[in-house]
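# Structural characterization, general
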Amino acid sequence: MSTVAVRTSPRRRGAGLGLVAWLLGIVFFLPIAWMALTSFHSESDAATNPPSFGAALTLDGYREFFGTGGGASPWPALVNSAVASVGSTVLVLLLALPAAYALSIRPVKKWTDVLFFFLSTKMLPVVAGLLPIYLFAKNTGMLDNIWLLVILYTSMNLPIAVWMMQSFLAEVPAAVIEAAQIDGARLPTILARVVAPIALPGIAATALICFIFSWNELLFARVLTGVVAETAPVFLTGFITSQGLFLAKVCAASLVISLPVLAAGFAAQDKLVQGLSLGAVK
């Protein structure tokens, strides 16, 4: 009897942990489901308290978001966000890969101090650097310029990218790199054809995180852009006016703006899990 109890205990424990995981997943998913449901309600039904779950569904919130009712079109803001996020992510990967290679596979002297310096740059409050950056952009004529955001997002995400990729590249076998060097391969070839394919899950995880950080950034985009370089989060804040909060329209806009991040995360979920696991297991 004791043997049976011992054998069934891990099963029960696993079932309990699985149930807790499902409950936590549902709790985290409920706000997103509520936002999606509210986006299909009219403004009068969305403003009811308590919410009316059985209210009639409509696409008015999405029509107003996409400007079919005479409002501003969101496409320029979405394109700006895509350019800033994708452009900065590509630049971050191009700069972080050789830096992480130097800190892991071919470590420089006091490489731990270098990593701490990279991480310490993230400790500075973003608002503390807002005024100098604004004055620099104003004096150089780069206000309301999407390429200024590309440069800023690259510099903001580069430290965390180097930190992450250093742990990923540390798992690359040194024998593979030495074999490529014996065959006469130079550093660019080693990075592109040897290191990058092996560390692809880690690179994908880093790229996804940098893309999410860039896509969701609001403070710099709000202060440094106007009409030409307005991003999607800034466009979203325009729905909150002195006339009131249009809840259904805001929920529709939030869902649409969140879709690229959700789609990228869903498409790269396998690489993301592999990459984070690769960097965590030593």
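Owing to the predicted nature of the structure, the values given are computational and were not obtained by experimental measurement. (Residues numbered from 1 in each chain as written. Predicted model: local features only at pLDDT ≥ 70, side-chain atom pairs only at ≥ 80, totals over all residues. Heavy atoms only, no water.)

## Remarks on a nonpolar patch on the surface
Where nonpolar side chains cluster on the molecular surface, the patch consists of Leu19, Trp22, Leu23, Ile26 and Leu30 and spans about 570 Å² of accessible area. As for its position among the elements, leucine 19 is in helix H1 (residues 2-39). (Patch = residues over 30% accessible without salt bridge, like charges linked within 9 Å, V, L, I, M, F, W, Y side chains within 5 Å. Areas by Shrake-Rupley, 256 points an atom, 1.4 Å probe, with all protein chains shown as cover. Salt bridge = Lys/Arg side-chain N within 4 Å of Asp/Glu carboxyl O. Helix = DSSP H or I, 4+ residues; strand = E, 2+ residues; numbered from the N terminus.)

## Here we look at the packing of helix H8 (residues 174-182) against helix H9 (residues 187-198)
Relative to each other, H8 and H9 sit at 160 degrees, their axes nearing to 11 Å. With respect to their mutual orientation, H8 and H9 come out roughly antiparallel. Note on packing geometry: the crossing formed by H8 with H9 is right-handed. Only Ile190, Val194, Val195 and Ile198 of H9 make contact with H8, whose side of the interface consists of Val176, Ile177, Ala180 and Gln181. Looking at the contact of H8 with H9 residue by residue, the class counts come to 7 nonpolar, 1 polar and no charged. (Axes fitted to C-alpha atoms, helices over the stretch in contact; angles between N-to-C directions. Parallel < 35°, antiparallel > 145°, perpendicular 65-115°, else oblique. Left-handed = near helix turned anticlockwise from the far one by under 90°. Contact = heavy atoms within 4.5 Å. Nonpolar A, V, L, I, M, F, W, Y, C, P; charged D, E, K, R; others polar.)

## Notes on the UniProt feature "transmembrane region" (unreviewed entry) in the chain
The UniProt entry lists residues 17-37, 82-103, 115-134, 146-169, 190-214, 220-239 and 246-268 under the feature "transmembrane region" (unreviewed entry), expressed in the numbering used here. In residues 115-134, helix accounts for 55% and strand for 0%; the two terminal C-alpha atoms are 28 Å from one another. Helix makes up 91% of residues 246-268 and strand makes up 0%, while its end C-alpha atoms are separated by 34 Å. (UniProt positions renumbered as here; feature names shortened; annotations may be inferred.)

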